[in-house]
Amino acid sequence: MALGFASLVAIVSFAFLSIPPSTRSRLYTITLYCRRPILVSTDPYERSRLWKVEATMRRRRRRRKKQLTEYPPPTDTNGRKGSAKKTRERVSYADKAALISECAAAVVESKIPKEMRRNFCWRNMSNDANVIVEVFGCDRLNKSRAAYCPHPDAAIDMDIDGSVVLDIGGHIGVFALYALLNGASHVIGYEPHPENADMYRRNTQNLSVDLREAAVVETNTAAAELVVGKDFQGIHNTWRHSLRQHTHYRGNLSVFNVTAHSLQSILSKNAQAAATGREMQISYVKMDCEGAELDILKNMKEWYGVQKLVFEYSFTKRRNMGEFWKTLEVLRLHFDRIWYNDEGWDNHDEWPWHTDAIVFCQRTTNLDSSANEMPNINVHD
């Protein structure tokens, strides 16, 4: 057997050497039923290249073996092995969630006063931690600037001091505390999820906050269906609850009915109550309502006394950039300053990233009464 194999190699080598050099240099390898290819090129440069390729493959095999050793593939109920890559992602996601929870605890300790912190509660290893570091910022996670604060160089004033804030998508009341700590005179919150609403009440107890357990929608309706966000890899999902028409979840869903009010009716009733002195005029609106803003903003006819608006545009639910530009055109009829970090946005028809974006709007003049006469000013980063 060994003699036959050697004879075969000799014959192949003789046949190869009889090939003209110009053709010979194009031949790379001949594999003779063995794992390692036999290098048959007589060109020294080509031979060197082939050895480098094989050395790279050896390194990759060693790396793969090490990965399988450190992160053995999980086995499902049928005995099938999963992907080592997915296992690594699961481990890294859990580690990241633990880090965010640790940072959130530090943020609460350092940025929320003791008298407010006494009643403050949040759920560990949940998205509550993400909300805390997003709203207040965290240097350790390279988020030194709060999410609802524009870039210092932006020619727009989003100061909350003295404002009456409408907090749409209040979650557990983190933004309400942020607004009060930055000078807001009063906060009106809307949060439809019962568990989040209970924590909102506890976290804002004895403060100038009024919570209404309801969803904010495009048009007036008695009720709406809220889809509860699914937990992911052991992390409790507390911030991806959305209306049924805007959810991205599929399959077996947890759905329940909630009270709903349109933003137009909320602002209208507030303006009427403010005119008679029964309520304070809302002047600042914050929206983070998991896709509901997509339809609300495009259909708003009147913003009444609102001077400042900040919202998270859910690109992850509607990626078409044309729809985003149309929304901004409607907003420019009411707000003469709009700022967003638009680096590279004009180069795409579809939103290419995996996160949503924050948009800031300010009204310095009364555009609602003379929208067609006022110039539209778009302020970019």
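Just so it is clear, the structure is predicted and the values come from calculations on it, not from any experiment.

Participant: Please clarify how the overall build of the protein chain should be interpreted in this entry.
Facilitator: Along the protein chain, the regular secondary structure elements total 11 helices and 14 strands. Counting across all 381 residues of the protein chain, residues that qualify as buried make up 43%. Counting contacts in the protein chain only where the partners sit at least 6 residues apart, residues at least 24 apart contribute 63% of the total. Only carbon and sulfur atoms are counted for the fraction: they give 51% of the accessible area of the protein chain, which is about 20800 Å².

Participant: I would appreciate a short explanation of the packing of aromatic side chains in the present structure.
Facilitator: Any aromatic ring pair is given by two values, namely how distant the centres are and how the planes are angled relative to each other. The full count for this structure, using the stated rule, is 12 aromatic pairs. Ring centres 6.5 Å apart and planes at 50° place the aromatic pair tryptophan 325 and tyrosine 340 in the tilted group. Of the two residues, tryptophan 325 is situated in helix H11 (residues 321-331) and tyrosine 340 in strand E12 (residues 337-340); the sequence distance between them amounts to 15 residues. Residue classification places tyrosine 340 among the buried residues on the basis of a relative accessible area of 2%. Aromatic ring contacts, followed pair by pair, group Tyr313, Phe315, Phe324, Trp325, Tyr340 and Trp351 into a single cluster.

Participant: Explain the side chain of threonine 204 to me, please; I cannot follow it from the model alone.
Facilitator: As for its position among the elements, threonine 204 is in the loop between helix H8 (194-203) and strand E5 (209-212). Within polar-contact distance, the side chain of threonine 204 engages the backbone oxygen of tyrosine 200 at 2.7 Å. Filtering out sequence-adjacent residues up to four positions away, threonine 204 remains in contact with Gly173, Ala176, Leu177 and Val209.

Participant: Would you explain the pattern of salt bridges in this entry?
Facilitator: Pairing between side chains of opposite charge can happen when the charged atoms of each approach one another. Across all of its chains, the model carries 14 salt bridges by this definition. Among the salt bridges present, the one from arginine 123 reaches aspartate 128, with a minimum N-O distance of 2.7 Å. Judged by its relative accessible area of 13%, arginine 123 falls in the buried class. Residues aspartate 157 and lysine 308 are paired through a salt bridge, measuring 3.8 Å at the closest nitrogen-oxygen approach. Of this pair, aspartate 157 sits in the loop between helix H6 (128-136) and strand E3 (164-168) while lysine 308 sits in strand E11 (residues 308-313), and the two are 151 residues apart along the sequence. By sharing partners, the salt bridges in this structure join Arg123, Asp128 and Glu195 into a single network.

Participant: Where do I start with the pairing of strand E4 (residues 186-190) in this structure?
Facilitator: Of all 5 residues in E4, 5 are buried, a share of seventy percent or more. Residue alternation in E4 divides its side chains into two sets, His186, Ile188 and Tyr190 and Val187 and Gly189, and both sets are buried. In the classification by handedness, the crossover that spans E3, the intervening helix H7 (residues 174-181) and the parallel E4 is right-handed. Where E4 and E5 come together, 4 bridges link them in parallel fashion.

Participant: Can you help me understand H7 in this one?
Facilitator: It helps to recall that an α-helix has 3.6 residues per turn; residues three or four apart then point in one direction. H7 sits mainly inside the fold: 7 of its 8 residues count as buried. Where H7 is concerned, the buried positions are Val174, Phe175, Ala176, Leu177, Tyr178, Ala179 and Leu180. Just beyond H7, the residue with positive phi is glycine 183, at close to 105°.

Participant: How should the nonpolar core be read in this particular structure?
Facilitator: What tends to happen in soluble globular proteins is that the nonpolar side chains get buried as a cluster. Judged by nonpolar contacts, the single largest core of 44 residues is most densely connected at Leu166, Leu263, Met287, Trp303, Leu309, Phe311 and Leu331. With 4 residues, H11 is the single largest residue contributor to this core. Leave out the neighbours within four places in its chain, and methionine 287 touches Ile168, Leu263, Glu293, Ile296, Leu297, Leu309, Val310, Phe311 and Glu312. Among the nonpolar cores identified, the runner-up in size contains 43 residues, and Ala104, Phe120, Cys121 and Ile160 belong to it.

Participant: Would you take a moment to explain the pairing of E5 for this structure?
Facilitator: A regular strand places its side chains so that they alternate between the two faces of the sheet. Of the two faces of E5, the one holding Val209 and Leu211 is buried and the one holding Asp210 and Arg212 is not buried anywhere. Crossover handedness for the path E4 to H8 to E5: right-handed.

Participant: Looking at this structure, I do not really get the sheet that holds strand E8 (residues 242-243). What am I missing?
Facilitator: Think of a sheet as strands paired side by side through backbone hydrogen bonds, with each pair either parallel or antiparallel. Strand order in the open sheet formed by 4 strands is E6-E9-E7-E8, with mixed pairing between adjacent strands. Two strands lie at the open edges of the sheet, namely strand E6 (215-217) and E8, each paired on one side alone. Relative to strand E9 (residues 255-262), E6 runs parallel, the two sharing 3 bridges. Considered in E9, the bridge of valine 217 is made with serine 262.

Participant: What am I meant to see in a positive patch on the surface here?
Facilitator: Residues Arg59, Arg60, Arg61, Arg62 and Arg63 make up a contiguous surface patch of positive charge. Within the secondary structure, arginine 61 sits in helix H3 (residues 44-70).

Participant: Whenever I open this one, the side chain of asparagine 270 confuses me. Can you help?
Facilitator: The residue asparagine 270 is located in helix H9 (residues 263-275) in this model. Look at asparagine 270 and you get buried, because its relative accessible area is 2%. In terms of polar contacts, asparagine 270 uses its side chain to reach the backbone carbonyl oxygen of methionine 280, at 3.0 Å.

Participant: So what exactly am I meant to see when it comes to unusual backbone geometry here?
Facilitator: For residues besides glycine, phi is generally negative; the peptide bonds are generally trans as well. A positive phi is found at methionine 125, a non-glycine position, where the angle reads about 55°. Of note in this structure, histidine 171 is not a glycine but carries a positive phi near 55°. Relative to the elements of secondary structure, histidine 171 occurs in the loop between E3 and H7. Using a relative accessible area of 8% as the deciding quantity, one classes histidine 171 as buried.

Participant: Got a minute to help me understand H9 in this structure?
Facilitator: Taking 1.5 Å per residue as the helical rise, H9 with its 13 residues ought to reach 18 Å, and the 18 Å between its terminal C-alpha atoms agrees with that figure. Taken residue by residue, H9 has Leu263, Gln264, Ser265, Ile266, Leu267, Ser268, Asn270, Ala271 and Ala273 as its buried positions. Elements that come into contact with the buried residues of H9 comprise E3, E4, E6, E9, strand E10 (284-287) and helix H10 (293-298). Looking one or two residues beyond H9, the residue adopting positive phi is glycine 277, at roughly 85°.

How each quantity is defined
Residues numbered from 1 in each chain as written. Predicted model: local features only at pLDDT ≥ 70, side-chain atom pairs only at ≥ 80, totals over all residues. Heavy atoms only, no water. Helix = DSSP H or I, 4+ residues; strand = E, 2+ residues; numbered from the N terminus. Buried < 20%, exposed > 50% of the residue type's maximum accessible area, 1.4 Å probe, protein only. Contact = heavy atoms within 4.5 Å. Areas by Shrake-Rupley, 256 points an atom, 1.4 Å probe, with all protein chains shown as cover. Phe/Tyr/Trp six-rings, centres within 6.5 Å; stacked < 30°, edge-to-face > 60°. Polar contact = N/O pair within 3.5 Å; in protein donor to acceptor, adjacent residues only side chain to side chain. Salt bridge = Lys/Arg side-chain N within 4 Å of Asp/Glu carboxyl O. Right-handed = clockwise from strand over helix to strand, strands pointing away. Pairing = 2+ DSSP bridges. Core = buried A, V, L, I, M, F, W, Y, C linked by side-chain atoms within 4.5 Å. Patch = residues over 30% accessible without salt bridge, like charges linked within 9 Å, V, L, I, M, F, W, Y side chains within 5 Å. Lys, Arg positive; Asp, Glu negative; His and termini not counted. Charge placed at Lys NZ, Arg CZ, Asp CG, Glu CD. Expected span 1.5 Å × (residues − 1).

The quantities given are spatial measurements derived from coordinates; they are silent on function.
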